[in-house]
Amino acid sequence: MVVTVLGISGSPHRHGNTETLLDSFLDGTRSAGASVEKVVLKDLTYTPCRGCNACHKTGECVVKDDAIALFEKILAVDCIAVASPIYTMGITAELKGLIDRGQYLWARKFILKTLYFSDDHIRRHKGLFISTAGQNWDHVFDGAFPAITAIFNGTGFEYYDNIIANSMDEFKGIKNHPTALKAAYAKGIEVVRVIEKLKAR
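Model, not experiment: these values are computed from the prediction. Sequence order as written defines the numbering, with residues in each chain counted from 1. For this predicted model, a pLDDT threshold of at least 70 governs which residues receive local features, and a threshold of 80 or more governs which side-chain atom pairs are given and counted, while totals over whole chains, interfaces and linings are taken from all residues. To get the side-chain values, all heavy atoms of the structure are used, and hydrogens and water are removed first.

## Thoughts on the environment of Ala107
Right, so step 1: Here a strand is any run of E in DSSP of at least two residues, a helix any run of H or I of at least four, and the numbering for each starts at the N terminus. Turning to its location among the elements, Ala107 is positioned in helix α5 (residues 103-110).
Right, so step 2: Separated by 48 residues in sequence, Ala107 and Gly59 have C-alpha atoms that sit 5.9 Å apart.
Right, so step 3: Sequence-distant contacts of Ala107, defined by excluding residues within four places in its chain, comprise Cys55, His56, Leu112 and Lys113. Two residues form a contact once any of their heavy atoms are found within 4.5 Å.

Here it is in structure tokens:
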């Protein structure tokens, strides 16, 4: 069975450092035989969560827009790669807005108890975070990890790995980084092979 991979680009800047790193990862998964799709959040139309809590009673979001369709795609694939550059020590507004809209899934899991992901399901579904940052600080990505953990937990994915590269200001772009693009490509191949083995059991 073919492994399905969804890449989500959360950068408002097209074809910049983070999307280029995401593309290298997706190229790796594609070369390993995966079926691959990429979604660019800036091309979608969706609004932030209203905080109305209607989903706590119904399990459905009252706002019907591109965010809901994207969550349906996420729930249907084997692997997701969520990409965002670091803006002000965290993820972009585009990505944070999407993650917040997953509140209806949280309501299904924890309030209504109508959504459940078994341990086996989670093991077979892998999530990766892809990011770049201009600064050379090792801790520059730390503010992003909790939100990424939240979207993976909420949609039934194991947090498999990070593909991150800082010092973009120093390197003057991801294409000048000595290892990042090759490492992302290799990680794409790796995760497809891991999922294939799990699906074959």
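Continuing now.
## Points about the nonpolar core
Right, so step 1: Each nonpolar core is a collection of buried residues, namely Ala, Val, Leu, Ile, Met, Phe, Trp, Tyr and Cys, held together in the definition by side-chain atoms within 4.5 Å. Here's how the labels work: a residue is buried when its accessible area is under 20% of the maximum for its type, exposed when over 50%, partly exposed in between, all with a 1.4 Å probe on protein chains only. Ranked by size, the top nonpolar core spans 36 residues in total, and within it Leu6, Ile74, Ile80, Ile91, Leu95 and Leu98 carry the most contacts.
Right, so step 2: In terms of residues, this core owes the most to one element, helix α3 (residues 66-76), which gives five residues.
Right, so step 3: Among residues more than four places away in sequence, those in contact with Ile91 are Ser84, Pro85, Lys96, Ile99, Phe129, Ala144, Ala147 and Ile148.

## Some remarks on the pattern of salt bridges
Right, so step 1: Here a salt bridge means any side-chain nitrogen of Lys or Arg lying within 4 Å of a carboxyl oxygen belonging to Asp or Glu. Under the counting rule described, the total for this entry stands at 16 salt bridges.
Right, so step 2: With a closest N to O distance of 2.7 Å, Glu19 and Arg14 form a salt bridge.
Right, so step 3: Glu19 gets classed as buried once you look at its relative accessible area, which sits at 1%.
Right, so step 4: The residue Asp161 makes a salt bridge to Lys187 at a minimum N-O spacing of 2.7 Å. Here Asp161 is found in strand β5 (residues 158-165), whereas its partner Lys187 is found in helix α9 (residues 180-200), with 26 residues between them in sequence.

## A look at the sheet that holds strand β2 (residues 35-40)
Right, so step 1: The criterion for strand pairing is that DSSP finds at least two bridges linking the strands in question. Ordered by their spatial adjacency, five strands build an open sheet running β2-β1-β3-β4-β5, and the pairing between neighbours is parallel. The open sheet terminates on both sides in strands that have one partner only, identified here as β2 and β5. On average, adjacent strands in this sheet sit at an angle of 15 degrees to one another, irrespective of strand direction.
Right, so step 2: In terms of strand pairing, strand β1 (residues 4-9) meets strand β3 (residues 79-83) through five bridges, oriented parallel. The residue bridging Val5 from the neighbouring strand is Cys79, located in β3.
Right, so step 3: Across the sheet, helix α1 (residues 17-31) lies against β1, β2, β3, β4 (126-132) and β5, angled at about 145 degrees from β4, the strand it touches most.
Right, so step 4: Here α3 sits on the sheet and contacts β1, β2 and β3; the angle it forms with β1, its principal contact strand, is near 145 degrees. Inter-axis angles, ranging from 0 to 180 degrees, are taken between N-to-C directions of lines fitted to C-alpha atoms, where helices are fitted over the stretch in contact.

## Quick look at helix α7 (residues 145-155)
Right, so step 1: Buried within α7 we find Ala147, Ile148, Ile151, Phe152, Gly154 and Thr155.
Right, so step 2: Tucked inside the fold, the buried residues of α7 contact α3, β3, α4 (93-100), α5, β4 and β5.
Right, so step 3: Just beyond α7, the residue with positive phi is Gly156, at close to 85 degrees.

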